[in-house]
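Summary of structural features
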Amino acid sequence: AANLDTLRALGAQLVFFSPLANEPIPTCDAVWLPGGYPELHAETLSACHTSRESLGVHLAAERPVWAECGGMMVLFDAIVDQQGQSHAVWGLLPGVVRMQPRLAALGPQKLELAAGELRGHTFHYSRCETALQPVLHTASSRAGAVGLGEAVYQRGALRASYFHAWLASSPAAAAALFLPEGLS
């Protein structure tokens with residue numbers, strides 16, 4: 001709710017749609033695909049051609065998309081479930097998401113953008129295999145944590161990461177996620 005409130009405070013008019021119901025992306029300036037569990041609905045989502053094609057039209061018009069975790073997972077070529085079955089999904093990002101038997105990442109994260117620092121978290125049971133090179137990485141907010149945080153991918157106006165942003169932590173940085181110039 002805080003993310004929705006932040007977007008409204010920034011002047012966004014929110015319009016909702018359901019990819020699971022194969023609804024088209026509404027005509028809009030930007031799209032947010034928040035987290036979820038697409039692996040539980042991979043078969044249904046693979047058949048949601050209207051949602052996928054309308055998102056492709058949105059991206060072809062160079063309108064921004066911010067996809068977080070589950071919202072990102074469905075954008076890849078396939079999701080491989082815990083039983084090893086591959087489900088073709090939307091193919092807007094190259095690569096495969098593989099479900100893991102154990103938690104792959106958990107914890108507080110932060111993302112540094114020119115417009116400010118977004119705080120948030122990561123929580124996922126999958127790993128992404130892609131040839132895309134990250135444009136940014138989050139950093140852990142835990143004292144003493146080492147290594148890179150979550151990758152942030154960008155392909156045209158599409159930005160995606162396992163990172164769940166708490167938009168209220170920096171409204172200016174949150175707005176940057178939804179602007180054409182985006183992460184720069």
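Residues numbered from 1 in each chain as written. Predicted model: local features only at pLDDT ≥ 70, side-chain atom pairs only at ≥ 80, totals over all residues. Heavy atoms only, no water.

Here's the deal with the environment of Tyr-37
If you trace the backbone, Tyr-37 turns up in the loop between strand E1 (31-33) and helix H2 (42-46). Given a relative accessible area of 47%, Tyr-37 falls into the partly exposed group. The spatial distance from the C-alpha of Tyr-37 to the C-alpha of Val-74 is 9.3 Å, given a sequence separation of 37 residues. (Helix = DSSP H or I, 4+ residues; strand = E, 2+ residues; numbered from the N terminus. Buried < 20%, exposed > 50% of the residue type's maximum accessible area, 1.4 Å probe, protein only.)

What about the nonpolar core?
General note: in soluble globular proteins, nonpolar side chains tend to be found buried as a group. Counting 30 residues, the largest nonpolar core has Leu-33, Leu-55, Met-72, Leu-75, Trp-90 and Leu-93 as the members making the most contacts within it. Secondary-structure elements contributing two or more residues to this core are E1, helix H3 (49-60), strand E2 (65-68), helix H4 (70-73), strand E3 (76-80), strand E5 (93-99), strand E11 (151-155) and strand E12 (158-161). Considering each element in turn, this core owes the most residues, three residues, to E5. If sequence neighbours within four positions are ignored, Leu-75 has contacts with Leu-33, Leu-55, Ala-67, Trp-90, Gly-91, Leu-92, Leu-93 and Leu-158. In terms of nonpolar packing, the next biggest core, distinct from the first, is built from 15 residues, Leu-113, Ala-165, Ala-174 and Leu-177 among them. (Core = buried A, V, L, I, M, F, W, Y, C linked by side-chain atoms within 4.5 Å. Contact = heavy atoms within 4.5 Å.)

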